[in-house]
Amino acid sequence: MPQLLSIALFVAFGMVFVVVNLLIGKFVRPDLPNEEKLAIYECGEPTIGSSWVQFDLRFYIVALFYLVFDVEVALIYPWAVVYRDYTLPALVLGAPFLGIVIIGYAYEWYSGSLDWVRSSINTSYKGTAGIDMSKLARRDPNALEDEALGER
Amino acid sequence: MTTTLAQLGTDAGLQQVAPLLFYAVALVTVLSAWAIVLSQNIVRMAVYLLLTLTGVAGMYFMLDAELLAAIQLIVYAGGTLILIVFGVMLTSGNPFLKLRPKLWEVFVAVGLSLFIMGLLLFAKVTTHLPEPSATIEEANKPAGYDLVHEIGRGLLSVYLVPFEVAAVLLLVVMIGAAYMARRRAT
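To keep things clear, this report deals only with the structure shown in the data block.

Analysis parameters
Residues numbered from 1 in each chain as written. Chains lettered and ligands numbered in written order. Predicted model: local features only at pLDDT ≥ 70, side-chain atom pairs only at ≥ 80, totals over all residues. Heavy atoms only, no water. Contact = heavy atoms within 4.5 Å. Buried area = accessible area lost by both parts, 1.4 Å probe. Salt bridge = Lys/Arg side-chain N within 4 Å of Asp/Glu carboxyl O. Polar contact = N/O pair within 3.5 Å; in protein donor to acceptor, adjacent residues only side chain to side chain. Helix = DSSP H or I, 4+ residues; strand = E, 2+ residues; numbered from the N terminus. Nonpolar A, V, L, I, M, F, W, Y, C, P; charged D, E, K, R; others polar. Core = buried A, V, L, I, M, F, W, Y, C linked by side-chain atoms within 4.5 Å. Buried < 20%, exposed > 50% of the residue type's maximum accessible area, 1.4 Å probe, protein only. Axes fitted to C-alpha atoms, helices over the stretch in contact; angles between N-to-C directions. Parallel < 35°, antiparallel > 145°, perpendicular 65-115°, else oblique. Phe/Tyr/Trp six-rings, centres within 6.5 Å; stacked < 30°, edge-to-face > 60°.

Once that is clear, we can look at the interface of chain B and chain A. Taken residue by residue, the interface counts 53 residues in chain B and 56 residues in chain A. For the pairing of chain B and chain A, the buried interface totals around 5,000 Å² over both sides, and the portion due to carbon and sulfur atoms is 80%. Interface area lost by chain B to chain A is led by Leu-90, Leu-156 and Met-174 of chain B, which between them contribute 14%. Taken together, the connections running from chain B to chain A amount to zero salt bridges. Put simply, chain B and chain A have two residue pairs in polar contact (both at pLDDT 80 or more) between them. Among the elements of the structure, helix 1 (2-10), helix 2 (13-38), helix 3 (42-62), helix 4 (66-91), helix 7 (147-156) and helix 8 (160-185) of chain B are those that each provide at least two residues to the side of chain B that touches chain A. With 17 residues, helix 8 of chain B is the largest single contributor of residues to the side of chain B that touches chain A. Residues that form the side of chain B that touches chain A fall into these classes: 38 nonpolar, nine polar and six charged.

Written out as structure tokens, the structure reads:
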């Protein structure tokens, strides 16, 4: 419970800190909006279209990997806590756990699911060998897909 | 600061703060859960879901289940929610798409909610909970008691098989993800 109190105080202080500073800023700063200032800031570049575009499927694989290793960390944490007290049994019993997960990782690596640019198996572009991906990446995906389909 | 907090923790003063904390956390949890239902924008729903999951983690903290609270934050708030947001980013061309449930869906959802609420109330009424007291807590927790340590020992002894099976499950998920991603392209 004292831990919880510390956390609650921390969270409360964090919230108050943000709100108070934003409020002070609101009262102190001059308010002179113009069109240029109200524009969406994108590192100084003029914005093109909406940012709500469909992302590449490859990101989903990365997210799934993240989730898998996230769960693994959650499971491995109690194991790591007792490791100091039962070094040998923990090592012997934990090795299969880590080994099985690493087999999966090695499989992904071997099968090319982790390759970002080179592999075409897990992209939505049906590219073939000999295509300059860096050049094609700047073009319209739909036109690219039609072209790739036309080649077959 | 920490010493004063620790002193406060041993004092009866904390016993008066605890209900306030509970109500604050419960309010955040329930209000954001309500907001998920009311909101029609799927991205906002995801953000409200984050608040709800964090509130539930706070409840776990209050129940002295620190590991469960941490797992709730790491796996649900940190992992599953990211996956939901990624799913939205990858599937929906327009995230401001309004979600309009059909009438039968509303009926099913309301019926299911009422059923679960009835079940919980039934459990609350029929279950006899022991009075929380310092003596019970002290009896259950001898000096130097560490919950995470206890769970770790369990994972290496009584629950060794589930521990190893979990690794196999993670392996299956990884291979399944790679397989699905590959099928999508062909």
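This paragraph deals with the nonpolar core. Grouped together as the largest cluster of nonpolar side chains are 18 residues, with contacts concentrated most on Trp-79 and Phe-97 of chain A together with Phe-163 of chain B. For this core, the secondary structure elements donating two or more residues are helix 3 (58-82) and helix 4 (87-111) of chain A together with helix 7 and helix 8 of chain B. Residue contacts for Phe-163 of chain B: discarding those within four places in its chain leaves Leu-75, Ile-76, Trp-79, Leu-93 and Phe-97 of chain A together with Leu-155 of chain B. Residues Leu-64 and Leu-67 of chain A together with Phe-86 and Ala-177 of chain B belong to the second largest nonpolar core, which totals six residues.

Let us look at the packing of helix 3 of chain A against helix 4 of chain B. Here helix 3 of chain A crosses helix 4 of chain B at 175°, and the two axes come no closer than 10 Å. Looking at the two axes, helix 3 of chain A sits roughly antiparallel to helix 4 of chain B. Facing helix 3 of chain A, whose interface residues are Phe-59, Tyr-60, Ala-63, Leu-64, Tyr-66, Leu-67, Asp-70, Val-71, Ala-74, Tyr-77 and Pro-78 of chain A, helix 4 of chain B presents Leu-67, Ile-71, Ile-74, Val-75, Gly-78, Gly-79, Thr-80, Ile-82, Leu-83, Phe-86, Gly-87 and Leu-90 of chain B. Residue composition of the contact of helix 3 of chain A with helix 4 of chain B, grouped by class: 18 nonpolar, four polar and one charged.

Time to look at the packing of helix 3 of chain A against helix 7 of chain B. Contact geometry for helix 3 of chain A and helix 7 of chain B: axes closest at 7 Å, N-to-C directions at 100°. One element, helix 3 of chain A, and the other, helix 7 of chain B, form an angle in the roughly perpendicular class. Of the residues in helix 7 of chain B, those touching helix 3 of chain A at Leu-75, Tyr-77, Pro-78, Trp-79, Val-81 and Val-82 of chain A are Val-148, His-149, Ile-151, Gly-152, Arg-153, Leu-155 and Leu-156 of chain B. Within the contact of helix 3 of chain A with helix 7 of chain B, the residues separate by chemical class into 10 nonpolar, two polar and one charged.

Scanning the entire structure with this criterion turns up six aromatic pairs over all chains. Aromatic ring contacts, followed pair by pair, group Phe-69, Tyr-105 and Trp-109 of chain A into a single cluster.

So, about the pattern of salt bridges. Residue and element names in this part refer to chain B. One pass over the structure, following the stated rule, counts one salt bridge over all chains. Note that Arg-153 and Glu-150 form a salt bridge whose closest N and O atoms lie 3.5 Å from each other. With Arg-153 and Glu-150 both in helix 7 and three residues apart, the pair spans about one turn of that helix. Glu-150 gets classed as partly exposed once you look at its relative accessible area, which sits at 35%.

Remember that the coordinates give geometry; whether it matters functionally is a separate question.
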